[in-house]
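What the coordinates show
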Amino acid sequence: MAATSNATLLQDLFVPEVVADAIDKKLVDAIRFAPLAVIDTTLVGRAGDELTMPAYEYIGDAAAVAEGADIPVAKLTEDVAKVKVSKVGKAVEFSDEALISGANNDIAEEAAKQVVLAVNSKLEADLINAMSTTATLTAALDLGAENVAHEIAGAIAKFGEDMDGEKVLLVSTDVYLKLMKADGWVPNTEAGAKILMSGVVGSIFGAQVVISNRLTAKKEAYIVKPGALRIVMKRNTLGEFDRDILSEMNYIKASKLFAPYVYDKTKLVKISVTGA
């Protein structure tokens, strides 16, 4: 029997363009590192799986100029970073029975939720890897030291005269347990400062502390200032639907291409953690 014009088809419940658009909107809000990164969409649609991205070096402080003398001219030096594009995605599989049981109205929403979680997880992993491999400002933290807070202060001092201002200290749980007992630790409930990103558990010497489980195995911590990172969106979310007519299984898939990298190395300090 042919379907009537009023029949509700699976394609009516899942519109790939609508789900893809929903994912793009949710993603920007959900990216945990967004406050520390510039999100760039200018390369969406351009070919290539490796991007050459700019990162400019500081031209140096201005100098005093005598009357009638020429103002010194500096050459703008551009550093470049070759960044590999990552593809992430999530697929949802469900049977006709599941559709009939009443789950149909939640399928598209679940697909959007799952791919957002997948992208966020991959973004965080790739950004941490980029920080680990490209940071030029480095410090050390011995968790067995008598004064752990002093070593954190030394790491912040790596920024030099730019040590003031907003910054986030990304740490593992082991580091956090040491910091919360150290001099200078301010619990989140008493910090009184504008929270830069979700997950802030406290602050020390003006750095807001955020725990990342990914740092436990790496034995590293990072102090990151806003603008240190950049996330280049390479392709908008692609949503697709397919069906196996023999097994009567349905598939919803969404994927996205992006490239995360360190844009400004002067706003990043990598800390090697020992004694954990």
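Scroll up for the structure.
Being a predicted model, the structure only gives us computed values, none of them experimental. (Residues numbered from 1 in each chain as written. Predicted model: local features only at pLDDT ≥ 70, side-chain atom pairs only at ≥ 80, totals over all residues. Heavy atoms only, no water.)

1. Overview of the overall build of the protein chain
Along the protein chain, the regular secondary structure elements total eight helices and 13 strands. Buried positions account for 39% of the 276 residues belonging to the protein chain. Taking the contacts inside the protein chain whose residues are at least 6 apart along the sequence as the reference set, 77% of them involve residues at least 24 apart. (Helix = DSSP H or I, 4+ residues; strand = E, 2+ residues; numbered from the N terminus. Buried < 20%, exposed > 50% of the residue type's maximum accessible area, 1.4 Å probe, protein only. Contact = heavy atoms within 4.5 Å.)

2. Quick look at the sheet that holds strand S12 (residues 249–262)
The sheet built from four strands is open, its strands ordered S1-S11-S12-S4 with mixed pairing. Pairing within the sheet leaves two strands with one partner each, and these edge strands are strand S1 (37–40) and strand S4 (86–95). Adjacent strand axes in the sheet meet at a mean angle of 25° when their direction is disregarded. Where S1 lies against strand S11 (residues 229–244), four bridges are found, and the strand directions are parallel. Its bridge partner being in S11, aspartate 40 is matched across the sheet by valine 232. On top of the sheet, helix H2 (residues 16–30) reaches S1, S11 and S12; it is set at about 150° to S11, its chief contact. Here helix H4 (residues 107–134) sits on the sheet and contacts S4, S11 and S12; the angle it forms with S12, its principal contact strand, is near 25°. (Pairing = 2+ DSSP bridges. Axes fitted to C-alpha atoms, helices over the stretch in contact; angles between N-to-C directions.)

3. Observations concerning the environment of serine 198
Summarising the element assignment, serine 198 is placed in the loop between helix H7 (188–191) and strand S8 (200–204). For the pair serine 198 and arginine 32, spaced 166 residues apart in sequence, the C-alpha separation works out to 6.8 Å. The residues touching serine 198, leaving out its near neighbours within four places in the chain, are Arg32 and Val210.

4. Considering the nonpolar core
Membership of the largest hydrophobic core comes to 36 residues, with the highest contact counts inside it found for Phe33, Met131, Leu170, Tyr222, Val224 and Leu229. Counting residues per element, the ones that place at least two in this core are H2, H4, strand S6 (168–171), strand S10 (220–224), S11 and S12. Broken down by element, this core gets its largest block of residues, ten residues, from H4. Non-local contacts of leucine 170, meaning those with residues more than four positions away in its chain, are made with Phe33, Met131, Val210, Leu215, Ala221, Tyr222 and Val224. The next biggest cluster of nonpolar side chains, apart from the first, holds 24 residues, and it includes Leu143, Ile156, Phe159 and Tyr176. (Core = buried A, V, L, I, M, F, W, Y, C linked by side-chain atoms within 4.5 Å.)

5. A few points about the sheet that holds S10
Pairing within the open sheet is mixed, and its seven strands lie in the order S5-S13-S10-S6-S9-S8-S7. Edge positions in the open sheet fall to strand S5 (137–142) and strand S7 (185–187), since each of these has one partner strand only. Across the sheet, the mean angle from the axis of one strand to that of its neighbour is 25°, orientation sign disregarded. Judged from the four bridges that link them, S6 and strand S9 (residues 207–211) form a sheet pairing that is parallel. Paired with valine 171 across the two strands is isoleucine 211, which belongs to S9. In the packing of helix H5 (residues 148–156) onto the sheet, the strands contacted are S5, S6, S8, S9, S10 and strand S13 (268–274), and the crossing angle to S5 comes to about 180°.

6. A short note on H5
Within H5, burial applies to Val148, Ala149, Ile152, Ala155 and Ile156. For H5, the angular spread of buried residues about the axis comes to 115°, placing them on one side. Its side-chain oxygen at 3.3 Å from the backbone nitrogen of alanine 149, asparagine 147 defines the N-terminal cap of H5. (Arc of directions from axis to C-beta. Polar contact = N/O pair within 3.5 Å; in protein donor to acceptor, adjacent residues only side chain to side chain.)

7. Observations regarding the pattern of salt bridges
Where charged atoms of side chains with opposite charge meet at close range, the side chains can pair. Overall, the coordinates contain five salt bridges when judged by the stated rule. Here lysine 122 ties to aspartate 126 by a salt bridge, and the two come within 2.8 Å at their closest N and O atoms. Residue lysine 122 and its partner aspartate 126 are located together in helix H4, separated by four residues, close to a single helical turn. With relative accessibility at 18%, the residue aspartate 126 sits in the buried group. (Salt bridge = Lys/Arg side-chain N within 4 Å of Asp/Glu carboxyl O.)

8. As for the side chain of lysine 256
By secondary structure assignment, the location of lysine 256 is in strand S12. What makes lysine 256 buried here is its relative accessible area of 3%. Among all residues touching lysine 256, those that are not within four sequence positions of it are Asp24, Leu27, Ser86, Lys87, Val88, Val119, Met233, Arg235, Asn236 and Thr237.

9. Topic: the packing of aromatic side chains
Using the criterion set out here, one finds two aromatic pairs in the structure. Between tyrosine 176 and tryptophan 185, the ring centres sit 5.8 Å apart and the planes meet at 65°, which makes this aromatic pair edge-to-face. With 6.4 Å between their ring centres and 75° between their planes, tyrosine 261 and tyrosine 263 make a pair best called edge-to-face. The lysine or arginine in question, lysine 225, covers the ring of phenylalanine 159, its NZ or CZ lying 4.9 Å from the ring centre. Over the aromatic face of tyrosine 263 sits the side chain of arginine 230, whose NZ or CZ is 4.0 Å from the ring centroid. (Phe/Tyr/Trp six-rings, centres within 6.5 Å; stacked < 30°, edge-to-face > 60°. Lys NZ or Arg CZ within 6 Å of the ring centre and 35° of its normal.)

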